[in-house]
Amino acid sequence: MSPLPTSLQHGVPSTLPKGAPPVRHYLQFADFSREETTYILERAAFIKQKFKTFVRHHPLVDRTLAMIFEKASTRTRVSFEAGMYQLGGSVVHLTTGDSQLGRAEPIEDSAKVISRMTDIVMIRTFEQTKIEAFAAHSRVPVINGLTNEFHPCQILADIFTFIEHRGPIEGKTVAWVGDGNNMANTWLQAAETLGFNLRVSTPRGYEVDAKLASSAHGSCGSSYKTYSDPMEACAGADLVTTDVWTSMGFEAENEVRREAFAAWRVSREMMAVAAPNALFMHCLPAHRGEEVEAEVIDGPQSVVWDEAENRMHVQKALMEYLLLGRQD
Ligand code: CP
Ligand code: NVA
């Protein structure tokens, strides 16, 4: 029998072409510079335009995306799965319940195995430390599909959607009304990275953790301001945005939160004090009558359906960038 080619004898990854860019991960918004984020947003517009006009774009033929879900999902699953197929690649879907991840196989071991067989990994999990541990032992790029702390793909889509409707976001004002959660933390990083103003209004006890959000770049101080009154936060804002009062994993706090957040429901009054052409966004799933009035989310200022669709377009650009680098 002839020996293995030298390149395979020591476990050299067979999927990384010579001269390939070093492995990068997207674990939080601040992992990318302003320049890289701007490139991805521009590339997403190009890829979206191609897709909408039925022009084939298959840069990831033979590449496989592993999607690992430890929490429920509709948009993240569909957008990553459809997006990867549209780029010419394929997808493996894993959950805690149907893999050894749920039977306590160490995350480091899972990372080593999964990243030998696939080319890029998307993970939705609980603590940020879990995705960081996976990435530290992965040979391939890892993307955060939501953790307790961050949801960077969603904010990428939100900013793309804002730009589509209103042009550059630099210098604009975004009002966050509600929980100081993974979405709020990521807005903080985005404001710092891209240079827009963020106003955050949360009930007492549910504030954003600015230290956590700023860990990558040192300071979010310049771009964000807190408000105890949500009406004040919304006054003159170009975008009003919110999210559920109880995020996944915090369901035991549901009742307490419902009381604490009662004054933080995005209302027609809040939209009325915002800028006349202000947009409304919500990452979805939404609870009408809870964090937002039905008249707002289903009203003329809401762009939530574009926002959901754009997850797919920005993530296609993100996967292409992580695997192939800049294409322009
Ligand atoms: N917005 C979002 O991430 O939706 P899913 O939980 O449905 O993936
Ligand atoms: N903050 C929410 C977002 C859901 C997409 C959660 O973590 O459940």
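Residues numbered from 1 in each chain as written. Chains lettered and ligands numbered in written order. Predicted model: local features only at pLDDT ≥ 70, side-chain atom pairs only at ≥ 80, totals over all residues. Heavy atoms only, no water.

Caption draft 1: Representation of helix α4 (residues 107-117). When α4 is considered as a whole, its buried residues turn out to be Ser110, Ala111, Ile114 and Ser115. Along the axis of α4, the buried positions cluster into a sector of 115°, meaning they face one direction only. Seen from the buried face of α4, the exposed residues on the opposite side, beyond 90 degrees, are Arg116 and Met117. On its buried side, α4 packs onto β1 (64-69), β2 (90-95), β3 (120-124) and α5 (128-136). (Buried < 20%, exposed > 50% of the residue type's maximum accessible area, 1.4 Å probe, protein only. Helix = DSSP H or I, 4+ residues; strand = E, 2+ residues; numbered from the N terminus. Arc of directions from axis to C-beta. Contact = heavy atoms within 4.5 Å.)

Caption draft 2: View of the side chain of Ser201. Structurally, Ser201 is set in strand β6 (residues 197-201). Here the side chain of Ser201 touches Tyr227 through a polar contact of 2.9 Å, landing on its backbone oxygen. (Polar contact = N/O pair within 3.5 Å; in protein donor to acceptor, adjacent residues only side chain to side chain.)

Caption draft 3: Spotlight on the pairing of β6. The buried count for β6 comes to 4 of 5 residues, which makes it a mostly enclosed element. Handedness of the crossover is the feature at issue here: the chain leaves strand β5 (residues 173-177), passes through helix α7 (residues 182-194), returns alongside β6, and the resulting connection is right-handed. Sheet topology note: the β6/strand β7 (residues 224-226) ladder contains 3 bridges and is parallel. In the sheet register, Arg199 faces β7, and the bridge partner there is Lys225. (Right-handed = clockwise from strand over helix to strand, strands pointing away. Pairing = 2+ DSSP bridges.)

Caption draft 4: The nonpolar core, seen in detail. Counting 54 residues, the largest nonpolar core has Leu65, Ile143, Ile159, Trp187, Phe196, Leu198 and Met319 as its most contacted members. When residues no more than four places from it in sequence are discounted, the contact partners of Met319 are Leu60, Leu65, Phe80, Gly83, Met84, Leu87, Ile120 and Ile143. The next biggest cluster of nonpolar side chains, apart from the first, holds 21 residues, and it includes Ala237, Phe261, Met271 and Ala278. (Core = buried A, V, L, I, M, F, W, Y, C linked by side-chain atoms within 4.5 Å.)

Caption draft 5: Seen up close, the site of ligand 1. For ligand 1, the full set of nearby residues is Ser73, Thr74, Arg75, Thr76, Arg124, His151, Gln154, Cys283, Leu284 and Arg311. Backbone polar atom of Thr74 to an oxygen atom of ligand 1: 2.7 Å apart, as the coordinates give it. Contact with the protein chains removes 95% of the 250 Å² of surface that ligand 1 exposes when unbound. (Near = heavy atom within 4 Å. Areas by Shrake-Rupley, 256 points an atom, 1.4 Å probe, with all protein chains shown as cover.)

Caption draft 6: Region of the structure containing the site of ligand 2. Within the structure, ligand 2 sits among Leu146, Asn181, Asn182, Asp243, Val244, Ser247, Met248, Cys283 and Leu284. Interatomic distance of 2.6 Å between a side-chain N/O atom of Asp243 and a nitrogen atom of ligand 2. Within the side chain of Ser247, an N or O atom sits 2.8 Å from a nitrogen atom of ligand 2. Protein chains shield 94% of the accessible area of ligand 2, which is 270 Å² for the free molecule.

Caption draft 7: Highlighting the pattern of salt bridges. The final tally for this structure, using the stated rule, is 16 salt bridges. One salt bridge connects Asp298 with Arg288, and the closest N-O pair in it is separated by 2.9 Å. Of this pair, Asp298 sits in the loop between α12 (294-297) and α13 (304-324) while Arg288 sits in the loop between β9 (279-282) and α12, and the two are 10 residues apart along the sequence. By relative accessible area, which is 42% here, Arg288 ends up partly exposed. Overlapping salt bridges, with partners in common, bring together Glu35, Arg326 and Asp328 in one network. (Salt bridge = Lys/Arg side-chain N within 4 Å of Asp/Glu carboxyl O.)

Caption draft 8: Geometry of the sheet that holds β1. Pairing is parallel across the open sheet formed by 4 strands, whose spatial order is β2-β1-β3-β4. A single partner strand is all that each edge strand has here, and the edge strands are β2 and β4 (142-144). Each strand of the sheet is rotated relative to its neighbour by a mean of 20°, with strand direction disregarded. The sheet strands contacting helix α3 (residues 75-86) are β1, β2, β3 and β4, and the helix crosses β1 at an angle near 175°. Of the strands in this sheet, β1, β3 and β4 are in contact with α5, which crosses β4 at around 170°. (Axes fitted to C-alpha atoms, helices over the stretch in contact; angles between N-to-C directions.)

Caption draft 9: A look at the environment of His287. In this fold, His287 is placed in the loop between β9 and α12. Classification of His287 by relative accessible area gives partly exposed; the value is 36%. Between the C-alpha atoms of His287 and Glu149, which are 138 residues apart in sequence, the distance is 21 Å. With residues up to four places along the chain from it excluded, the contact list for His287 reads Val244 and Val292.

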